[in-house]
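Architecture at a glance
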Amino acid sequence: MNNEAWVLRKYLWEQSHAMWWGTLGTVRPFPNFNSEKDARDIQTALESKDSDVNTLVRILTNRNNVQRQSIAESYRNLTQKELCLALKKALSGGLEQLMLGLMMTPSQFDAHRLRQTIEGIGTDEESLLAVLCTKSPQQLKDATIAYKQEFGRYLENDLISETSKDFTKLVLAILKKEELNSKEMVDYQLIDQDVNALNDAVNGKKKDPAPWIQVLTTRDSNHLNRVLSRLEDLRGETVDKTVQSHFSGDLRLGFRTLVGSIPSIPLFLAQRLHSNIKKGSLVHGILISHSEEDLLCVRIEYRRLTNTSLYSTLQKEYKGEMQQALLALCRSEDL
């Protein structure tokens, strides 16, 4: 068995043993799963005239990631070909990108999303921050490893070359974020210390971003929610307004994104979906990335935010197989 096959089997074993039905994701393990049958059905769909795209979408959006990896292995054994290459030939445009995204492991998908934000002319700072700020420390470590494996490059080096000054320091701190405060108890002394550090950093003539970077990237969300709430009481204004008044450029965007995602990542993602619902790559990026994690929570927040379900919105904004795929990932209506 070659190294790639061993890594895949190890991943499948670990993920299948971690699987549980209490997930807040929308895509669950498909019952009575048979990877060989799915591989044969996909082969038939790909070999049919003009390709049976409906079947491809139906199968791959109704299996979880572990099952899709197993289908890819069965397809390789059946045809001696790579499923991703076959999908590339059969599909095009946004649907191709969505289906190829589904075939990646979560860390591979995160790595590709990060690469897309920094490759080419200019960096998409907003999208870069949105990915970094909505991933756990472990997920970012996994994405960093996958980035090197996928592209033969070091993510940290690419971020340094594509950003500058204090924004670079912020981005790298988010990438390597560690929650150093104790999660076992509320540390009121540390809360006071952090509030004062953040407040003092913006009170002088020269604003100091270092305490903001340090505090916002080394504490867990529960602690930070208390800190930011106390800071708002102290200053008599929202933290977002404080950031807008005292920082500028990409650094301001970075702090605003961090502060916006800390109270609730699902709400932050719902807001991004609402503001960018016509941007297919952004929409399917969020749906794929969170479909087995917390997309149910995102749907609830979207409903509260817009008074419309995410399912209905996708139904209205997209057509054909792309609509079919997005609705399968979203899964159901929220009344």
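Please refer to the structure placed before this passage.
In short, a report on the structure. For clarity, every value in this text was computed on a predicted model and none was experimentally measured.

What to know about the packing of helix 3 (residues 53-60) against helix 21 (residues 320-330)
The angle between the axes and the distance between the axes are what describe a pair of packed helices. At their nearest, the axes of helix 3 and helix 21 sit 9 Å apart, and the two run at 10 degrees to each other. Taken as axis vectors, helix 3 and helix 21 run roughly parallel relative to one another. For the pair helix 3 and helix 21, contact is made by Val53, Asn54, Val57 and Arg58 and by Glu321, Gln324 and Ala325, respectively. Looking at the contact of helix 3 with helix 21, its residues break down into three nonpolar, two polar and two charged.

Considering the pattern of salt bridges
With the rule as written, the count across this model stands at 18 salt bridges. Lys37 serves as the salt-bridge partner of Asp41, at 2.8 Å between the closest nitrogen and oxygen. Residue Asp41 and its partner Lys37 are located together in helix 2 (residues 35-47), separated by four residues, close to a single helical turn. For Asp41, a relative accessible area of 26% corresponds to the partly exposed category. Looking at Lys37, the relative accessible area reads 42%, which means it is partly exposed.

With respect to helix 7 (residues 106-118)
Taking 1.5 Å per residue, 13 residues should reach 18 Å; helix 7 reaches 19 Å between its end C-alpha atoms and fits that length. Turning to helix 7, its buried residues number three or more, namely Phe109, Asp110, Ala111, His112, Arg113, Leu114, Arg115, Thr117 and Ile118. Summarising the contacts, the buried residues of helix 7 are in contact with helix 6 (93-102), helix 8 (125-133), helix 9 (137-151), helix 10 (155-162) and helix 18 (280-290). Where helix 7 terminates, the next one or two residues include Gly120, which has phi positive at roughly 80 degrees.

Some details on the packing of aromatic side chains
Enumeration according to the criterion identifies four aromatic pairs in this entry. Taken together, the ring pairs connect Trp212, Phe247 and Phe255 into an aromatic cluster. Here the guanidinium or amino end of Arg63 rests over the ring plane of Phe30, the centre of that ring lying 3.7 Å away. Just above the ring of Tyr154 sits the side chain of Lys148; from NZ or CZ to the centre is 5.0 Å.

Parameters and conventions
- Residues numbered from 1 in each chain as written.
- Predicted model: local features only at pLDDT ≥ 70, side-chain atom pairs only at ≥ 80, totals over all residues.
- Heavy atoms only, no water.
- Axes fitted to C-alpha atoms, helices over the stretch in contact; angles between N-to-C directions.
- Helix = DSSP H or I, 4+ residues; strand = E, 2+ residues; numbered from the N terminus.
- Parallel < 35°, antiparallel > 145°, perpendicular 65-115°, else oblique.
- Contact = heavy atoms within 4.5 Å.
- Nonpolar A, V, L, I, M, F, W, Y, C, P; charged D, E, K, R; others polar.
- Salt bridge = Lys/Arg side-chain N within 4 Å of Asp/Glu carboxyl O.
- Buried < 20%, exposed > 50% of the residue type's maximum accessible area, 1.4 Å probe, protein only.
- Expected span 1.5 Å × (residues − 1).
- Phe/Tyr/Trp six-rings, centres within 6.5 Å; stacked < 30°, edge-to-face > 60°.
- Lys NZ or Arg CZ within 6 Å of the ring centre and 35° of its normal.

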